[in-house]
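Listed below are the residues making up each chain.
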Amino acid sequence: MDAREPAPTSSLDLMRWIVWAQRKTGEEWIRERGLSHGQSAALVYLVRNPGAIQRDIAQMSRTSEASVSSLLQGLERRGLVERRTDPGNERSKRVYATPAGSELIAGFDTAMTGVEETILAPLDQAERATLRALLAKIAADLPQSAPS
């Protein structure tokens, strides 16, 4: 932490600091590949869920279908995703990461696991289990779907 910045004073301040450190590293990884945070999230999702529909991606990213449409257009222009019409249903389009998209995002999970290890390094396994249980308890009461 920079000496000029005030130390976090609450639990939520500490959580924001940790998430910031994780996100900064992730953003550097995706920036090196010329992607935005949203584009990388969509590509990872499509690699794991080939043939998803736009609504699925919007729900995963907690954003609107219109925003996802714009994001996908950018990825399509770069040849990283493609939309295919469902046979027999011209209105339904499924989205797939192309081989180039899959290759570009390959290694993201490994990079983020490395960040997690770095962040959690001060904790032993029992402390990590306790932290996970406490965070799961907090997350259980949070809204699980995208805001309307």
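Before reading on, note that the structure itself is shown above.
This write-up is about the structure you can find in this document. What you see is a predicted model; the values in this text were computed from it and never measured.

Structural notes on the nonpolar core
Okay, so step 1: Counting 22 residues, the largest nonpolar core has Leu 43, Leu 46, Ile 57, Leu 72 and Leu 75 as its most contacted members.
Okay, so step 2: Of all the secondary structure elements, the ones that give two or more residues to this core are helix H1 (11-31), helix H2 (37-48), helix H3 (54-61), helix H4 (65-77), strand S2 (89-97) and helix H6 (108-120).
Okay, so step 3: Contact partners of Ile 57, with chain neighbours within four places excluded, come to Ala 42, Tyr 45, Leu 46, Ala 52, Val 68, Leu 72 and Val 95.

So, unusual backbone geometry
Okay, so step 1: A positive phi is found at Arg 62, a non-glycine position, where the angle reads about 55°.
Okay, so step 2: Relative to the elements of secondary structure, Arg 62 occurs in the loop between H3 and H4.

Focus on the environment of Trp 29
Okay, so step 1: Its place among the elements puts Trp 29 in helix H1.
Okay, so step 2: You can call Trp 29 buried: its relative accessible area is 13%.
Okay, so step 3: Along the primary structure Trp 29 and Gln 54 are separated by 25 residues, whereas in three dimensions their C-alpha atoms are 25 Å apart.
Okay, so step 4: Excluding anything up to four places from it in sequence, Trp 29 contacts Leu 104, Ile 105, Ala 106, Gly 107, Phe 108 and Ala 111.

Reading guide: rules and limits
Residues numbered from 1 in each chain as written. Predicted model: local features only at pLDDT ≥ 70, side-chain atom pairs only at ≥ 80, totals over all residues. Heavy atoms only, no water. Core = buried A, V, L, I, M, F, W, Y, C linked by side-chain atoms within 4.5 Å. Buried < 20%, exposed > 50% of the residue type's maximum accessible area, 1.4 Å probe, protein only. Helix = DSSP H or I, 4+ residues; strand = E, 2+ residues; numbered from the N terminus. Contact = heavy atoms within 4.5 Å.

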